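Residues per chain, in single letters:
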Amino acid sequence: MEILMNKQQIEEIIPHRDPFMLIDEVVEMVPGKSIVARKHIKEDEFWFKGHFPEKPVVPGVLLVEMLAQAGAVSMLSLDEHKGKIGFLGGVDKAKFRRMVVPGDTVTLEVEMIKIKGPVGVGKAVASVDGEKAVTAEISFVLK
């Protein structure tokens, strides 16, 4: 897939910065409706020092954060939301199905299923090589 946005372009939309910018590129997007982004998991990611030194695994909560950041890029790409920040409002129906480890590329897909003003819900799926790692509904508030 062709890259629509690189990390620098993503940083123009959301305020996250290293070490907490958790998406590397956007490959598909319909602003305010859906997005497909990717995160390439490197061996030197900061969390692997403690999670776990003997068996590095991406923490599930960070996979949810990756999905939330991807959803924020989609919503904040709309003109009426430029300059706002997307705050995580909730996580529902989360299921962790597969471990994500160094060397994996995580595909992050978020589809907005409900939006009312500055509040919304996205159906989110993180996968590796087509195999689901995390599924959840994430809610957000734009401020």
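Our subject in this report is the structure included herewith. None of the values given here were measured: they were computed from a predicted structure. Here, residues in each chain are numbered from 1, in the same order as that chain's written sequence. Per-residue local features of the predicted model are confined to residues with pLDDT of at least 70, and side-chain atom pairs are confined, for both listing and counting, to 80 or more; whole-chain, interface and lining totals are unaffected and use all residues. Side-chain numbers come from the whole structure's heavy atoms, not from hydrogens or water.

Digging into the pairing of strand 2 (residues 34-40)
Working step 1: Note on classification: 1.4 Å probe, protein chains only; a residue is buried when its accessible area is under 20% of the maximum for its type, exposed when over 50%, partly exposed between these limits. Starting at the N terminus, helices and strands are each numbered in turn, a helix being any DSSP run of H or I of at least four residues and a strand any DSSP run of E of at least two. The element strand 2 is extensively covered by neighbouring structure, given that five of its seven residues are classed as buried.
Working step 2: Paired strands, in this sense, are two strands between which DSSP finds at least two bridges. Note: strand 1 (residues 25-30) against strand 2, five bridges, orientation antiparallel. Residue pairing for strand 2: Val-30 is matched across the bridge by Ser-34.
Working step 3: As paired strands, strand 2 and strand 4 (residues 105-116) are joined by seven bridges and run antiparallel to one another. The partner of His-40 across the bridge, within strand 4, is Thr-105.

Details of the side chain of His-81
Working step 1: Here His-81 lies in the loop between helix 2 (60-76) and strand 3 (86-96).
Working step 2: Contacts are assigned to residue pairs that have any heavy atoms within 4.5 Å of one another. Excluding its chain neighbours within four sequence positions, the residues that come into contact with His-81 are Met-75, Leu-76 and Leu-142.

Looking at the pattern of salt bridges
Working step 1: The salt bridge criterion pairs a side-chain nitrogen of Lys or Arg with a carboxyl oxygen of Asp or Glu, the two atoms within 4 Å. For the structure shown, the criterion picks out ten salt bridges.
Working step 2: Salt-bridge contacts for Asp-79 lead to Lys-82; the nearest nitrogen and oxygen are separated by 3.8 Å. The same class applies to Asp-79 as to Lys-82, namely exposed.
Working step 3: Connected via shared salt-bridge partners are Lys-7, Asp-18, Asp-24, Lys-39, Lys-42 and Glu-45.

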